[in-house]
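Observations on the model geometry
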Amino acid sequence: MKVVLQNITKIFPSRNKKSNEEVVAVNDFTFEIPDGKLIGLLGPSGCGKSTTLYMISGLLAPTSGQIFFGEDDVTQLTPENRGVGLVFQNYALYPHMTVKQNILFPLQNFKGEAKLSKEEMLERAFQAAKLVQIDELLERKPNELSGGQQQRVAIARALVKMPRVLLLDEPLSNLDARLRLQTREEIRRIQRETKITTVFVTHDQEEAMSISDMIVVMKLGVVQQIGQPQEVYDNPCNLFVAKFLGTPPINVFTGTVKGGKLYIGEDAVMDVNGVEDQEVYVGIRPEGFIVDAKGGFKCKLSNLEVMGRDVSVVSYNDASLNPVVRSIVDADNKIDRDSEFITFALKPHKVFLFNKETEARIYLENKSENKKETKKAKGGK
């Protein structure tokens with residue numbers, strides 16, 4: 001089921017009686033969610049991602065704009081009439097009911113032509129439980145299950161209605177690290193098997209990038225960038241997106257463009273033909289460094305963290321906005337731990353320039369294709 005959000009805005013009234021200033025939770029959000037895809041809504045707390053999800057579900061009404069499921073305008077439809085399955089962060093299971101009863105509960109509320117026989121309901125419940133691999137736990141109660149198993153029950157309960165759209169609101173935030181990894185893989189498997197259009201809300205960029213077909217990065221209610229995860233990572237449209245995506249995070253420096261060269265501090269680190277002379281922010285991905293004694297970028301060496309295949313080089317630079325500079329290099333590099341300094345060359349496609357005032361991306365001449373791709377990802381804006 002294709003979902004279209006058309007100029008969606010949600011404004012909440014002010015709780016401050018003195019200022020009476022309204023809160024714009026989502027501002028003019030337009031996006032088409034393709035049929036059968038898994039979309040990640042991504043951003044920090046307060047960016048409007050959960051509000052967007054609840055407007056799709058019908059739990060919140062947009063202040064303005066329209067929502068379409070396929071060709072149907074569902075903006076005014078109640079949640080029960082939209083055909084959505086919603087999984088909450090806290091699972092919201094009924095503690096006095098068994099797993100089977102929890103999964104059956106939505107089906108028991110069907111009325112009219114949609115009403116099912118007892119046999120049909122049991123068959124659907126069993127198939128949903130089997131899909132999420134909890135079919136052997138049907139007689140247990142929620143307090144007898146692990147967090148991951150409870151999450152699977154919540155997903156099965158959402159799927160048993162055979163929804164047109166599946167909505168997941170931070171579904172993994174209550175799980176430990178190992179279960180998060182396992183459960184996100186299960187969510188992706190289930191989505192691929194069912195081919196249900198799915199919207200997945202998270203503040204964890206690694207989570208969103210690992211399982212989403214496309215991600216929507218939001219900040220303060222405004223969409224910053226839309227695209228395939230790798231595309232957005234490789235071509236961030238502004239400094240916020242660049243900093244939000246990536247583990248370890250991108251290294252950010254103050255820099256200067258002068259005479260077609262990029263300077264970080266006093267070091268001329270690379271050519272930037274076609275960029276006007278100006279002060280800039282420079283973002284360098286951790287994997288964008290090459291250990292090179294003849295390189296142009298010098299940092300004060302602090303520590304080497306061996307990770308097997310790779311080495312994480314921890315260093316300092318006066319122009320860095322991060323507490324430390326973190327570089328991921330191949331373990332085959334021979335680095336003297338006792339050296340005071342380390343010198344790098346830079347991979348141009350891992351270096352991004354941003355306007356000092358607006359923090360918008362400054363595109364280099366040889367990155368014109370990337371600019372087109374980013375525009376395409378944002379809908380040509």
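Here goes a summary of the coordinates provided. (Residues numbered from 1 in each chain as written. Predicted model: local features only at pLDDT ≥ 70, side-chain atom pairs only at ≥ 80, totals over all residues. Heavy atoms only, no water.)

**So, the overall build of the chain**
For the chain, the helix and strand inventory stands at nine helices and 21 strands. Once the C-alpha set of the chain is aligned to its principal axes, its extents read approximately 75 × 45 × 45 Å. Burial status across the chain gives 49% buried among its 381 residues. Contacts in the chain between residues at least 24 apart in sequence constitute 66% of all its contacts with a sequence separation of at least 6. With an accessible surface of roughly 19300 Å², the chain has 47% of that area assigned to carbon and sulfur atoms. Between the centroid of the 50 positive side chains of the chain and the centroid of its 50 negative side chains there is a distance of 3 Å. (Helix = DSSP H or I, 4+ residues; strand = E, 2+ residues; numbered from the N terminus. Buried < 20%, exposed > 50% of the residue type's maximum accessible area, 1.4 Å probe, protein only. Contact = heavy atoms within 4.5 Å. Areas by Shrake-Rupley, 256 points an atom, 1.4 Å probe, with all protein chains shown as cover. Lys, Arg positive; Asp, Glu negative; His and termini not counted. Charge placed at Lys NZ, Arg CZ, Asp CG, Glu CD.)

**What about the sheet that holds strand 11 (residues 251-258)?**
In space, the six strands of this open sheet follow the order 13-12-11-14-20-21, with antiparallel pairing throughout. Because the sheet does not close on itself, it has two edges, and the strands there are strand 13 (267-271) and strand 21 (361-362). Sheet topology places strand 11 next to strand 14 (residues 278-284); seven bridges connect them, and they run antiparallel. Note on strand 14: the bridge partner recorded for V252 is G283. (Pairing = 2+ DSSP bridges.)

**Overview of the packing of aromatic side chains**
All told, the structure shown has six aromatic pairs when counted by the stated rule. Here the aromatic rings of Y94 and F105 are separated by 4.9 Å at their centres, their planes lie at 55°, and the arrangement is tilted. Residue Y94 is found in the loop between strand 6 (84-87) and helix 2 (99-108), and its partner F105 is found in helix 2; the two are separated by eleven residues along the sequence. Here the aromatic rings of F289 and F344 are separated by 5.0 Å at their centres, their planes lie at 65°, and the arrangement is edge-to-face. With F289 in strand 15 (residues 289-291) and F344 in strand 19 (residues 341-346), this pair connects stretches of sequence that are 55 residues apart. We classify F344 as buried; its relative accessible area is 0%. Every member of this aromatic cluster is reached through a ring pair, and the members are F253, F289, F297 and F344. Across the ring face of Y233, the terminal group of R285 is positioned such that the distance to the ring centre comes to 3.9 Å. (Phe/Tyr/Trp six-rings, centres within 6.5 Å; stacked < 30°, edge-to-face > 60°. Lys NZ or Arg CZ within 6 Å of the ring centre and 35° of its normal.)

**Quick look at the packing of helix 2 against helix 4 (residues 147-159)**
Packing of helix 2 against helix 4 leaves a shortest axis separation of 7 Å and a crossing angle of 30°. Taken together, the axes of helix 2 and helix 4 are roughly parallel relative to one another. Here helix 2 runs over helix 4; the crossing is right-handed. Here V99, N102, I103 and P106 of helix 2 lie close against helix 4, whose contacting residues are V153, A156 and R157. Residue classes in the contact of helix 2 with helix 4 are distributed as five nonpolar, one polar and one charged. (Axes fitted to C-alpha atoms, helices over the stretch in contact; angles between N-to-C directions. Parallel < 35°, antiparallel > 145°, perpendicular 65-115°, else oblique. Left-handed = near helix turned anticlockwise from the far one by under 90°. Nonpolar A, V, L, I, M, F, W, Y, C, P; charged D, E, K, R; others polar.)

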